[in-house]
Amino acid sequence: MQRQPARAMLIDLDGVVRRWDPAVPAAVEAEHSLPAGILMQTAFTWDLLRPAVAGEITDAEWMHLVATRLPLPGDEAAAAVADWQKHRGTVDEEVLALVRDIRAAGRPVGLATNATDRLRDDLDLLGLAGEFDAVISSTELKIHKPAPDFFARACEALDVEAPWTLFVDDDDRVIRGARAAKLLAFRWSGGQDVPYLRKALDVPA
């Protein structure tokens, strides 16, 4: 028997709705004579990233800590991080069109993301404010993906039970967490996934 379509969608921001250009940190690293890849590697060290997305420190404090770990004098390290952070990513227009079509079909869409306190400003800057029925931010909840409570709160925000909510993310670990929390979950790998998501939500192209 064919499964009924999902009644709502939760979607990740980074790597799904928002794209980051790897040329940006590479250029900053080259300009400041830093080892290739060090900005991302340092920022995503778990002992720095976790408190930033759990709402324990601000985005500014996170970036300050990143700067202190770079092999540069303090002022130059801070300048390198500031140059890197000027770029706030770009919107995947195909994904945004999907979000709009799903909402137009009467199915709510929530943005469910591990984020810092910079999220709301970024959404304004990217023109994404108002594009979702709810924004579920780890830093605001003080709970980060893939904690079960994060998914529970996200479903509550859409007023749709977990088994009827399709969660879309590009991180395998987070997808496994969503499935353990009884959500439908799909790992995003690119634009080729859009037809499947439309079918899963019964939203025609």
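The notes below deal with the structure included here. (Residues numbered from 1 in each chain as written. Predicted model: local features only at pLDDT ≥ 70, side-chain atom pairs only at ≥ 80, totals over all residues. Heavy atoms only, no water.)

**Some details on the overall build of the chain**
Put simply, the rule is: Starting at the N terminus, helices and strands are each numbered in turn, a helix being any DSSP run of H or I of at least four residues and a strand any DSSP run of E of at least two. All radius of gyration figures rest on C-alpha atoms, and the globule criterion is 2.2 Å times the number of residues raised to 0.38. Values of accessible area rely on a 1.4 Å probe in the Shrake-Rupley scheme; residue burial ignores everything except the protein chains shown. By the counting scheme adopted, Arg and Lys are positive, Glu and Asp are negative, and His together with the chain ends is not counted. Taken as the charge centre is NZ of Lys, CZ of Arg, CG of Asp or CD of Glu, depending on the residue.
The number of helices and strands found in the chain is 11 helices and seven strands. Taken over C-alpha atoms, the radius of gyration comes to 18 Å for the chain, in line with the 17 Å a tight globule of 205 residues would show. In the form shown here, the chain has an accessible surface area of approximately 10200 Å², with 52% of it arising from carbon and sulfur atoms. Both charge centroids of the chain, one from 23 positive and one from 33 negative side chains, sit 7 Å from each other.

**Structural notes on the side chain of Asp59**
What counts here: Under the scheme applied here, a residue whose accessible area is under 20% of the maximum for its type counts as buried, over 50% as exposed, and between as partly exposed, the area being computed with a 1.4 Å probe on protein chains only. Here, a salt bridge means any Lys or Arg side-chain nitrogen found within 4 Å of an Asp or Glu carboxyl oxygen. The criterion used for residue contact is that any of the two residues' heavy atoms lie within 4.5 Å.
Locating Asp59 in the fold gives a position in helix H4 (residues 59-68). This buried residue, Asp59, is left without a salt bridge; Arg118 holds the nearest opposite charge, at 4.1 Å. Contacts of Asp59, omitting those with residues within four sequence positions, involve Gln85, Thr116, Asp117 and Arg118.

**As for the nonpolar core**
The condition is simple: Take the buried residues of types Ala, Val, Leu, Ile, Met, Phe, Trp, Tyr and Cys, join any two whose side-chain atoms come within 4.5 Å, and each joined set is a nonpolar core.
In terms of nonpolar packing, the biggest core is built from 29 residues, with Met9, Ile11, Val17, Leu128, Phe132, Leu166 and Val168 touching the most fellow members. Within the residue set of this core, elements represented by two or more residues are strand S1 (8-11), helix H6 (93-104), strand S4 (109-113), helix H7 (119-125), strand S6 (165-169) and helix H11 (194-200). It is H6 that contributes the most residues to this core, five residues altogether. Sequence-distant contacts of Leu166, defined by excluding residues within four places in its chain, comprise Ala6, Ala8, Met9, Leu10, Leu184, Ala185, Phe186, Leu197, Ala200 and Leu201.

**A word on the sheet that holds strand S5 (residues 134-137)**
Put simply, the test is: When DSSP locates at least two bridges between a pair of strands, those strands are taken to pair. Inter-axis angles, ranging from 0 to 180 degrees, are taken between N-to-C directions of lines fitted to C-alpha atoms, where helices are fitted over the stretch in contact.
Spatially, the five strands line up as an open sheet ordered S5-S4-S1-S6-S7, and their pairing is parallel. Unpaired on one side and paired on the other, S5 and strand S7 (184-187) mark the two borders of the sheet. On average, adjacent strands in this sheet sit at an angle of 20 degrees to one another, irrespective of strand direction. Across four bridges, the pairing between S1 and S6 is parallel. Its bridge partner being in S6, Met9 is matched across the sheet by Leu166. Each of S1, S4, S5 and S6 touches helix H9 (residues 148-158); the most contacted strand, S5, lies at about 165 degrees to it.

**Details of H6**
Stated formally: To estimate how far a helix should extend, the number of its residues minus one is multiplied by 1.5 Å. What the arc measures is the spread of directions leading from the helix axis to the C-beta atoms. Under this definition, polar contacts are N or O atom pairs within 3.5 Å; protein pairs additionally need one hydrogen-donor-capable and one acceptor-capable atom, and for neighbouring residues in sequence, both atoms have to be side-chain atoms.
Counted at 1.5 Å a residue, the expected span for H6 with its 12 residues is 16 Å, and the 16 Å between its end C-alpha atoms agrees. Every buried residue belonging to H6 is among Val95, Leu96, Leu98, Val99 and Ile102, and all of these are buried. What you see down the axis of H6 is that its buried residues fit within an arc of 155 degrees, all on one side. Set apart from the buried face of H6 by more than 90 degrees, the exposed residues are Glu93 and Ala104. For H6, the elements touching its buried residues are S1, strand S3 (90-91), S4 and H11. Of the residues that open H6, the one with a side-chain oxygen 3.0 Å from the backbone nitrogen of Glu94 is Asp92. Looking one or two residues beyond H6, the residue adopting positive phi is Gly106, at roughly 90 degrees.

**Regarding unusual backbone geometry**
For the peptide bond that leads from Lys145 to Pro146, omega is 5 degrees, which places it in the cis range. Secondary-structure assignment places Pro146 in the loop between helix H8 (138-141) and H9. Its identity as a non-glycine residue notwithstanding, Asp159 has a phi of 60 degrees, on the positive side. Inspection of the secondary structure puts Asp159 in the loop between H9 and S6. Phi angles above zero are rare outside glycine, and Asp202 is one such case at about 55 degrees.

**Considering the pairing of S4**
Applicable threshold: Orient the strands so they point away from the viewer, and a crossover whose first-strand-to-second-strand path over the helix runs clockwise is right-handed.
In terms of residue burial, S4 counts as a mostly covered element, since five of its five residues are buried. Sheet topology note: the S1/S4 ladder contains three bridges and is parallel. Its bridge partner lying in S4, Leu10 is registered against Gly110. Relative to S5, S4 runs parallel, the two being bridged by four bridges. Along S5, the bridge assignment pairs Thr113 with Ser137. In this region the chain leaves S4, passes through H7 and returns to the parallel neighbour S5; the handedness of that crossover is right-handed.

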